[in-house]
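Single-letter residue listing:
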Amino acid sequence: MAEAISNFAHCEALVREADPDRYWASLFAPAEKRPHLYALYAFNFEIARVREAVREALVGEIRLQWWRDALQGEARGDVRANPVAAALDDTIVQFRLPRQALVDLIDARIFDLYEDPMPSLNDLEGYCGETSSSLIQLSSLILSDGTNPGTADAAGHAGVAYAIAGLLRAFPIHARQGQVYVPADILTKHGVVREDIVTGRGGPGLQGALADLRAIARRHLDQARALRPTIPNAARPAFQPVALVEPYLKAMERRDYDPFQTVVDIPQWRRVWSLWRGPF
């Protein structure tokens, strides 16, 4: 019992430091469910940060394979020595979470390890669905005590909106790393090529492409809001981070916004206020 408490406490500290949006949003969930949400969010952070933690893509693939094996019961050594893996496993067992959804999340993150272009908007939406949308749906399962909350469609749209806002916020970081998440079909529409982004040239075409992405995020946000009646009250906290999508998008529309220099953020008081008001 003491070891489990320590594992969940480790996850909470990690999420509070590395993923403040989801940490503050989790405070709207019942206290007894929060440790399990932290385990899920800490796992997500561990997977998402692999690109920054390694110098070679192959090493990143090995790290992702360790997590894949841990979820499938094939990891060598004592998986439970890793506090995040141990807390996640306890959460999976208690709430009967589908392990395949977590494996799919890992597989989607392989894209992060390389500098391949995002081929199309459809591919981007699929990437966001396997990562961000899946996280909302899994959180909904935890909040619903492992029973199907009927939130898959709402989680799909909400997750895409949240993920696109996040990718736009991180645009300058990704550009410096040679990563381009703006779909190639949108770039082509505006006459932008990858080199314009990774070299920091930008131009009016890029502004139009980023505006298109913001519009797509808002479209998914509107669709998630239309599905509000399908979200039971118990599952609502899983959607709480989506309340930050619109404030982030608006911050990108200020006159002084420079996509190559500005990592968009909002004051903590405004973040908490937006979360309190909720996404719907």
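An account of the accompanying structure is given in this report. Being a predicted model, the structure only gives us computed values, none of them experimental.

1. Some remarks on the packing of aromatic side chains
Right, on to step 1. Applying the stated rule across the entire model yields ten aromatic pairs.
Right, on to step 2. Summarising the aromatic geometry, the rings of Trp66 and Trp67 are spaced 5.1 Å apart at their centres and angled 85° between planes, so their arrangement reads as edge-to-face.
Right, on to step 3. Under the relative-accessibility criterion, Trp67 is labelled buried at 6%.
Right, on to step 4. On the basis of an interplanar angle of 55° and a centroid distance of 6.0 Å, the ring pair of Phe239 and Phe280 is categorised as tilted. Linking Phe239 in the loop between helix H13 (204-226) and helix H14 (245-251) with Phe280 in the segment after helix H15 (268-277), this pair joins segments that are 41 residues apart in sequence.
Right, on to step 5. The exposure class assigned to Phe239 is buried, which follows from its relative accessible area of 0%.
Right, on to step 6. One aromatic cluster is present, built from ring pairs that chain together Tyr23, Trp24 and Tyr38.
Right, on to step 7. One Lys or Arg, Arg22, reaches over the ring of Tyr41 and ends 5.9 Å from the middle of that ring.

2. Brief notes about empty space enclosed by the protein
Right, on to step 1. In the structure shown here, the tally under the stated rule is two cavities of 30 Å³ or more.
Right, on to step 2. Of the volumes computed, that of the largest cavity is approximately 90 Å³.
Right, on to step 3. Taken together, Leu124, Ile164, Leu167, Leu168, Phe171, His174, Gln179, Val180, Tyr181, Val182 and Leu213 make up the lining of the largest cavity.
Right, on to step 4. Counting only elements with at least two residues in the lining of the largest cavity, the list comes to helix H9 (152-169) and helix H10 (171-177).
Right, on to step 5. Residues that form the lining of the largest cavity fall into these classes: nine nonpolar, two polar and no charged.
Right, on to step 6. The computed volume of the second largest cavity comes to approximately 70 Å³.
Right, on to step 7. As for the second largest cavity, its lining consists of Arg22, Tyr41, Ser132, Leu135, Ile136, Ser139, Tyr162, Ala238 and Pro241.
Right, on to step 8. Here the lining of the second largest cavity gets four residues from one element, more than from any other, and that element is helix H8 (residues 121-143).
Right, on to step 9. Split by residue class, the lining of the second largest cavity holds six nonpolar, two polar and one charged.

Cut-offs applied
Residues numbered from 1 in each chain as written. Predicted model: local features only at pLDDT ≥ 70, side-chain atom pairs only at ≥ 80, totals over all residues. Heavy atoms only, no water. Phe/Tyr/Trp six-rings, centres within 6.5 Å; stacked < 30°, edge-to-face > 60°. Buried < 20%, exposed > 50% of the residue type's maximum accessible area, 1.4 Å probe, protein only. Helix = DSSP H or I, 4+ residues; strand = E, 2+ residues; numbered from the N terminus. Lys NZ or Arg CZ within 6 Å of the ring centre and 35° of its normal. 1 Å grid on protein atoms, 1.4 Å probe; cavity = no way out; pocket = protein on both sides within 12 Å on 5 of 7 lines; lining within 4 Å. Points joined across faces, edges and corners; volume = space filled by probe spheres on them. Nonpolar A, V, L, I, M, F, W, Y, C, P; charged D, E, K, R; others polar.

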